[in-house]
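Chain by chain, the residues run as shown.
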Amino acid sequence: MIVSDKMKQVVALYNQGLSMYKDRKFKEAKEVFQKALQLEPNDGPSALYIERCDDYIADPPPEDWDGVYNMKTK
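Bear in mind the structure is a predicted one, so any value in this text is a computation, not a measurement.

Rules behind the numbers
Residues numbered from 1 in each chain as written. Predicted model: local features only at pLDDT ≥ 70, side-chain atom pairs only at ≥ 80, totals over all residues. Heavy atoms only, no water. Patch = residues over 30% accessible without salt bridge, like charges linked within 9 Å, V, L, I, M, F, W, Y side chains within 5 Å. Areas by Shrake-Rupley, 256 points an atom, 1.4 Å probe, with all protein chains shown as cover. Salt bridge = Lys/Arg side-chain N within 4 Å of Asp/Glu carboxyl O. Helix = DSSP H or I, 4+ residues; strand = E, 2+ residues; numbered from the N terminus. Core = buried A, V, L, I, M, F, W, Y, C linked by side-chain atoms within 4.5 Å. Buried < 20%, exposed > 50% of the residue type's maximum accessible area, 1.4 Å probe, protein only. Contact = heavy atoms within 4.5 Å.

Draft legend 1. Structural context of a nonpolar patch on the surface. A contiguous nonpolar patch, built from Met1, Val3, Met7 and Val11 and spanning about 440 Å² of accessible area, is present on the exposed surface. Relative to the helices and strands, Val11 resides in helix α1 (residues 5–22).

Draft legend 2. The nonpolar core, seen in detail. Residues Tyr14, Leu18, Tyr21, Phe26, Ala29, Phe33, Tyr49, Ile50, Cys53, Tyr56, Trp65 and Tyr69 constitute the largest nonpolar core, which totals 12 residues. Elements supplying a minimum of two residues to this core: α1, α2 (26–39) and α3 (44–58). When residues of this core are assigned to their parent elements, the largest contribution, 4 residues, is made by α3. For Tyr56, the residues in contact, after removing those within four places along its chain, are Tyr21, Phe26, Pro61, Trp65, Val68, Tyr69 and Asn70.

Draft legend 3. Representation of the pattern of salt bridges in the model. Taken as a whole and judged by the stated rule, the model has 3 salt bridges. We note a salt bridge from Arg24 to Glu63, for which the minimum N-O separation is 3.9 Å. On the criterion of sequence distance, the pair formed by Arg24 in the loop between α1 and α2 and Glu63 in the segment after α3 is long-range, its members being 39 residues apart. For Arg24, a relative accessible area of 27% translates into the label partly exposed. For Lys30, the salt bridge is made with Asp54, and the minimal N-O distance between the two is 2.6 Å. In this pair, Lys30 sits in helix α2 while Asp54 sits in helix α3, placing the two residues 24 residues apart along the sequence.

Right, dumping it as structure tokens:
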């Protein structure tokens, strides 16, 4: 399968955002995920992590957070 240059950029941005997310840099991660969505509006993983970043910006996880997202509603 051939991956377009645009998709390579999206994946690179997603990976950068995910690294920031895991480092608890939620505002910065959200900005990177938004850049990925600007390139590829149908990028579901980036859209999901934007929502999670918003949740953690509003209500940060505990200091011993292990990176796992706990859903608040079903």
